[in-house]
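# Survey of secondary and tertiary structure
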Amino acid sequence: MLTCMRFLLLFSRQGKLRLQKWFTPMSEREKKKIIRDMTTMVLARQPRSCNFLHWKDLKVIYKRYASLYFCLAIENQENELIALEVIHRYVELLDKYFGNVCELDIIFNFEKAYFILDEFLIGGEIQETSKQMVNRSIEASDMLQETMEEYMSKPAF
Amino acid sequence: MSPSVPLQEMIRAIRSARTQCEERGVIQRECAAIRAQFRQADNGGRSHNLAKLLYVHMLGYPAHFGQMECVRMIASPRYSEKRVGYLGAMMLLDEKQDASLLITNSIKNDLSHSNQYVQSLALCTLACMGSAEMCRDLAPEIDRLLRASNSYIKKKAALCAVHIVRKVHELGELFVPAARSLLSEKNHGVLHGAVVLIIELCEQNPETLERFRKTVPDLVQIMKGLVLSGYSPEHDVAGISDPFLQVRILRLLRILGRNNEGASDSMNDLLAQVATNTDSTKTVGNAVLYETVLTVLDIKSESGLRVLAVNILGRFLLNNDRNIRYIAMTSLQKIVGTDHNAVQRHRGTIVDCLKDQDASVKRRALELSLALVSASNIRSMMKELLLFLSSCPPELRAHAASGIFNAAERYAPSQRWHIDTMLHVLITAGGDVRDETVPNLIQLITNASELHCYTVHKLYRALLLDISQQSLVQVACWCIGEYGDLLLKGDCQETEPVQVTEDDALDALETVLQSHMSSPATRGFALTATMKLSTRITDNVDRIRSIVSIYGSCIDVELQQRAVEYNALFRKYDHMRAAVLERMPVIEKNSPGHTNGESTGEAVKDVPTAKMKQGEPLLLQQPANQVCDLLDLLGGSEETLQPGPAVDCLVSGLSVHAAGTAGGDLLDLLGGFEPAELSPAPQVLAYDKGGVTLTLSCEKQSDTGLTVTLTASNSSDSDLSSFTLQAAVPKSVQLHMKAPSGDSLPARGTAKVTQMVVLNNPNKVNLKMRVRVSYTRQGSPFQDTVQIDSFPGLDAAGQ
């Protein structure tokens, strides 16, 4: 099955995984192997190299933001430059939501990071190209959760 | 049992663990607590228990016991629980798990939930991990949502449809109408989803593609709107209006315009507009330009547009951003075959990229440079490539070296240039070249007879400087051995004269022999070269004798054998030494027996012509690979063969008599090299004794292959049993005997025995066959041998 994007990984400079999104079905073993390969490959790159790698039949686009590496694998015929923009857009979304996002935000609120991602990408494709729309949807979902919790008078987690 | 801790406290606890072991302990405790909580009834903390489990899962710990909890949470009426439940389903469940089927019903219900955020969860999860069954089940529902819902849902439904179509191709037909109508939506999210869906439908079904070609004008309109519109705050990215949508539409246009003149024409103007109007100062603009270039090069665009596209790539090559340079080169690589001239215009920039810091850029530049080498630019390109070779990263050296060799071979302007180039490569990157480089270079050198003097001088000097590069040393030794006389003569027009004495030359060779850097193969070269010098020098033959005799007890078996044989050549066969060691003839390229791999200086042993004229004693090493252990047909010094031409003796060097005559009958024999015509196989009587006759006929199968059919018949009055034939042929000929038709020959020729023999004569030696006939007559065994010198249908040379 060919999706535009195959997987998205976020990991720290020590190789600790912070987020993993898989856009095609894969076994746990395969996922673990890919994580190992990606972290090794990306962390070994020189500081001023270009952001594109070849791995098996995929192109891997990676970019470092502060202490986090964002690693996106796309099909061979996809556009690498726009993939860089996809990564950048996701970072902007996180930044807007958390306010000056840093790695700790993503560690302690990992489920929010996933919710945001799921408003931006679905099934390995972009679902919404407007930053504001994504932000509004997240806020509305959060609001829904809180109001429902208040209504049910149960503590929010 | 410790009380469960809110999610963030747990994360803090895990992070503060100082060792892996401690962390494992914390996690085990937490997981036990979570498991217990799962078993309890609803306690309000379910969602954050599952969240904790998902965190633990991300750290790499097993979490499969959470799968059922996900199923339960998804079915919960509470949004917070659904949210985490669906997240868990996407992380822990995939189509291979049984539990995934259990959520199908929940998804179905949630797809028609009154709240769009609940619908959204269901759509997202279905598009993420929906199995083929679930897809089939829910496809109609998705189609309904595609038509009648708000844009928030429509855009997600579109991508859900994409997933469904990828999983179950036949369902594509279902979504075609909806996809078509979605193109008239204004919402960018929906449009983007629609374009992705159409791309998927077109890629899967060529008929659908035909139908969607009609949408090209609409797509062109939408693109125009995006490119020419003013600033739109909602979609603007660094001055480009919705680059994501633009790139996707360009992609669809590419698919629709491919191989179709009409569609390509209608998008020409638009593509030109995008190419010229898009701001290329930021990456995002370049992303759109890149997609445009790819589209232009893939469809049937007019030549002006193609040139524009290649020029954009050329501009990319000069961009400061390394990423842009890299993708420019990958794209140029793809079109260097089809648009060669256009790419040649940017050759200068490409060659400059060889000096880039980035390894990926360097690699791309190398491949592109090699592809751009042509007869007109070979000299300047080679200068750049050789410069690159001396400083390139080690992982690229082998590729660079072989690329340089190929280029040199195809476009070398002169032999001297070619030799110089190959020597340069060997000096710079000798360790990274392929095995066949050494015999190739030797062959090249022998062919350039006017340059022998120059070459040997150059190699001698290189040898003095550095004996660590094995390939270079091997070639140098071979040349010194072969052309030592030219080296010692001293004067050479092409280089400055250098006085080399016999001792100097022998010193150089001995250094190679004794150095621990020399591989066994290299030492073999050096020893043979030393031996060859014995006929080319006058004063120091004794020194050579002593070197050779020392190596007679060398631990390396190969060297020892050579030394022993050379010793024998000195002692017993001194009269033959000059002939044996004389100058080699020109080696023909790609002779059939030419083998690569271990180049031991006996590259010559695989060459037909050389074999005919010289018997290198080392040919004795050839294993007897004949089927039978019969007489060495042409080997064995004891054999007294009938006075055949000297060519018989080539296999066993020691029985060379008068082989010093490099001309004479040998050449005449070699003269008959025309392939024999395929005429109907005549029969020839090869043997007739005691009533037993043997006739043979042959048929040429190929240039070197031959099938001989032996037919035996018995005209005597007694039956013959256990009738067998054995055959032997010269050493270089390959023989394969097929099964005989039988082994009894009844009397009075009532039945015959036939046997086929398949021969392969790759070196085109004079073909002879010795046949041994054995049978039992009236209880007593009988044996006889016959030699067959001429084969019917072949000329005198046995061809």
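Just so you know, these numbers come straight off a predicted model, no measurement behind them. (Residues numbered from 1 in each chain as written. Chains lettered and ligands numbered in written order. Predicted model: local features only at pLDDT ≥ 70, side-chain atom pairs only at ≥ 80, totals over all residues. Heavy atoms only, no water.)

This part takes up the overall build of chain B. Counting its regular elements, chain B contains 35 helices and 10 strands. Relative to its 799 residues, chain B shows a buried fraction of 57%. Across chain B, every contact between residues at least 6 apart in sequence was considered, and the portion connecting residues at least 24 apart equals 67%. Just so you have it, chain B exposes about 33400 Å², and 50% of that area is on carbon and sulfur atoms. (Helix = DSSP H or I, 4+ residues; strand = E, 2+ residues; numbered from the N terminus. Buried < 20%, exposed > 50% of the residue type's maximum accessible area, 1.4 Å probe, protein only. Contact = heavy atoms within 4.5 Å. Areas by Shrake-Rupley, 256 points an atom, 1.4 Å probe, with all protein chains shown as cover.)

If you tally the helices and strands in chain A, you get five helices and seven strands. Mapped from its N terminus to its C terminus, chain A presents α and β elements in the order β-β-α-β-β-β-α-α-α-β-β-α. Here chain A holds 157 residues, and the buried ones make up 61% of them. Summarising the internal contacts of chain A: among those between residues at least 6 apart in sequence, 47% fall at separations of at least 24. Accessible surface, chain A as shown: approximately 6600 Å² in total, 52% of it carbon and sulfur.

The next point concerns the packing of aromatic side chains. Residue and element names in this part refer to chain A. On inspection of all chains with the given rule, the structure shows 14 aromatic pairs over all chains. Pairing Phe 7 with Trp 22 gives two aromatic rings, centres 5.3 Å apart and planes at 45°, and the pair type is tilted. Of this pair, Phe 7 sits in strand β1 (residues 5-12) while Trp 22 sits in strand β2 (residues 17-22); the two residues are 15 residues apart in sequence, bridging distant segments of the chain. For the pair Phe 7 and Trp 22, one class covers both residues: buried. The interplanar angle of 75° and the centroid separation of 6.3 Å between the aromatic rings of Phe 70 and Tyr 90 together place this pair among those described as edge-to-face. (Phe/Tyr/Trp six-rings, centres within 6.5 Å; stacked < 30°, edge-to-face > 60°.)

Attention now goes to the sheet that holds strand β8 (residues 753-760) of chain B. Residue and element names in this part refer to chain B. What the five strands build is an open sheet, ordered β3-β4-β5-β8-β7; its pairing is antiparallel. The sheet is open, and its two edges are formed by β3 (684-689) and β7 (734-737), each paired on a single side. Recorded for the sheet is a direction-independent mean angle of 20° between the axes of neighbouring strands. Sheet analysis places β3 next to strand β4 (residues 692-700), joined by five bridges and oriented antiparallel. Opposite Lys 689, over in β4, you have Val 692 as the bridge partner. (Pairing = 2+ DSSP bridges. Axes fitted to C-alpha atoms, helices over the stretch in contact; angles between N-to-C directions.)

Right, let's talk about the sheet that holds strand β10 (residues 780-788) of chain B for a bit. All names here are of chain B. A sheet is described by the order of its strands in space; here three strands give the open sequence β6-β9-β10, paired in antiparallel fashion. Two strands bound the open sheet, and with one partner strand each, they are β6 (720-728) and β10. Averaged over all pairs of adjacent strands, the angle between their axes in this sheet comes to 15°, without regard to strand direction.

All names here are of chain B. It is at 7 Å that the axes of helix α4 (residues 67-74) and helix α5 (residues 79-92) come closest, and there the two elements cross at 145°. Pair α4 / α5 crosses with left-handed handedness. The segment α4 lies against α5, with Gln 67, Cys 70, Met 73 and Ile 74 engaging Glu 81, Lys 82, Val 84, Gly 85, Tyr 86, Gly 88, Ala 89 and Leu 92. Of the residues that constitute the contact of α4 with α5, the class distribution is seven nonpolar, three polar and two charged. (Left-handed = near helix turned anticlockwise from the far one by under 90°. Nonpolar A, V, L, I, M, F, W, Y, C, P; charged D, E, K, R; others polar.)

Turning our attention to the pairing of strand β3 (residues 52-55) of chain A. All names here are of chain A. Here β3 runs beside strand β4 (residues 58-65); their pairing, made up of four bridges, is antiparallel. Within the sheet, the bridge partner assigned to Phe 52 lies in β4 and is Ile 61. The hairpin formed by β3 and β4 contains two residues between the paired strands, and Lys 56 there has a positive phi angle of roughly 50°.

Here the structure, examined in full by the defined rule, presents 52 salt bridges over all chains. Across the pair B:Lys156 and A:Glu119 runs a salt bridge, and its minimum N-O distance is 3.2 Å. On the criterion of chain membership, the pair formed by B:Lys156 in helix α10 (residues 151-167) and A:Glu119 in helix α4 (residues 110-120) is interchain, its members lying in two chains. Taken as a pair, B:Lys156 and A:Glu119 share a single burial class, namely buried. For B:Asp420, the salt bridge goes to B:Arg416, with nearest N and O atoms at 3.7 Å. Of this pair, B:Asp420 and B:Arg416 both sit in helix α25 (residues 415-429), four residues apart, roughly one helical turn. Among the residues examined, B:Arg416 registers a relative accessible area of 30% and is labelled partly exposed. The network of salt bridges with shared partners includes A:Glu78, A:Glu125, B:Arg166, B:Glu200, B:Arg248 and B:Arg251. (Salt bridge = Lys/Arg side-chain N within 4 Å of Asp/Glu carboxyl O.)

Once that is clear, we can look at unusual backbone geometry. Of note, the phi angle at A:Asn100 is positive, near 50°, even though the residue is not glycine. Within the fold, A:Asn100 resides in the loop between α2 (80-98) and α3 (103-108). The phi dihedral of B:Ser722 is positive, around 50°, even though this residue is not glycine.

Time to look at the interface of chain B and chain A. Each partner contributes residues to the interface: chain B has 68 residues there, and chain A has 68 residues. Roughly 6200 Å² of surface becomes buried between chain B and chain A when both sides are summed, with 58% attributable to carbon and sulfur atoms. Counting across the chain B and chain A interface gives eight salt bridges. A salt bridge links A:Lys16 to B:Glu23; its shortest N-O distance comes to 3.9 Å. (Buried area = accessible area lost by both parts, 1.4 Å probe.)

Turning to the nonpolar core, a few remarks are in order. Core analysis: the largest hydrophobic core is formed by 283 residues, its most contacted members being A:Tyr90 and B:Ile142. Ranked by the residues each element gives to this core, the list is headed by helix α28 (residues 470-489) of chain B, at 12 residues. Beyond its immediate chain neighbours, meaning those up to four positions away, B:Ile142 contacts B:Leu111, B:Leu123, B:Leu126, B:Ala157, B:Cys160, B:Ala161, B:Ile164 and B:Phe175. Among the nonpolar cores identified, the runner-up in size contains 29 residues, and B:Leu696, B:Ala712, B:Leu759 and B:Ile788 belong to it. (Core = buried A, V, L, I, M, F, W, Y, C linked by side-chain atoms within 4.5 Å.)

A word on helix α11 (residues 172-182) of chain B. Since the α-helix advances by 3.6 residues per turn, residues separated by three or four positions end up pointing in the same direction. For α11(B), the complete set of buried residues consists of B:Gly172, B:Phe175, B:Val176, B:Ala178, B:Ala179 and B:Leu182. Looking at the packing, one finds that the buried side of α11(B) touches α9 (132-147), α10, α12 (188-204) and α13 (206-212) of chain B.

Across a regular strand the side chains alternate sides, sitting on one face of the sheet and then on the other. Residues and elements named next belong to chain B. As paired strands, strand β9 (residues 769-777) and β10 are joined by nine bridges and run antiparallel to one another. Looking at β10, one finds that Val 771 is bridged to Val 786. Between β9 and β10, which follow one another and run antiparallel, lie two residues, and Gln 778 among them has a positive phi close to 50°.

Residue and element names in this part refer to chain B. The end-to-end C-alpha distance of helix α23 (residues 378-391), which contains 14 residues, comes to 20 Å, matching closely the 20 Å that a straight helix rising 1.5 Å per residue would cover. Every buried residue belonging to α23 is among Ile 378, Met 381, Met 382, Leu 385, Leu 386, Phe 388 and Leu 389, and all of these are buried. Angular distribution of buried residues about the axis of α23 spans 160°; they occupy a single face of the element. When the buried face of α23 is taken as reference, the exposed residues oriented beyond 90 degrees from it are Lys 383 and Ser 391. As for α23, its buried residues are in contact with α21 (347-352), α22 (359-372), α24 (394-411) and α25. (Expected span 1.5 Å × (residues − 1). Arc of directions from axis to C-beta.)

This part takes up the confidence of the model for chain B. Looking at chain B as a whole, the pLDDT averages 82, with 86% of positions reaching at least 70. Across the whole predicted complex the pTM is 0.70, and at the interface the ipTM reaches 0.94. (pLDDT = per-residue confidence, 0-100.)

All names here are of chain B. Inspection of the secondary structure puts Ile 153 in helix α10. On the basis of relative accessible area, Ile 153 is assigned to the buried category, the value being 1%. As a C-alpha pair, Ile 153 and Leu 123 span 30 residues in sequence and 8.4 Å in three-dimensional space. In contact with Ile 153, not counting residues within four places along its chain, are Gln 116, Gln 119, Ser 120, Leu 123 and Leu 145.

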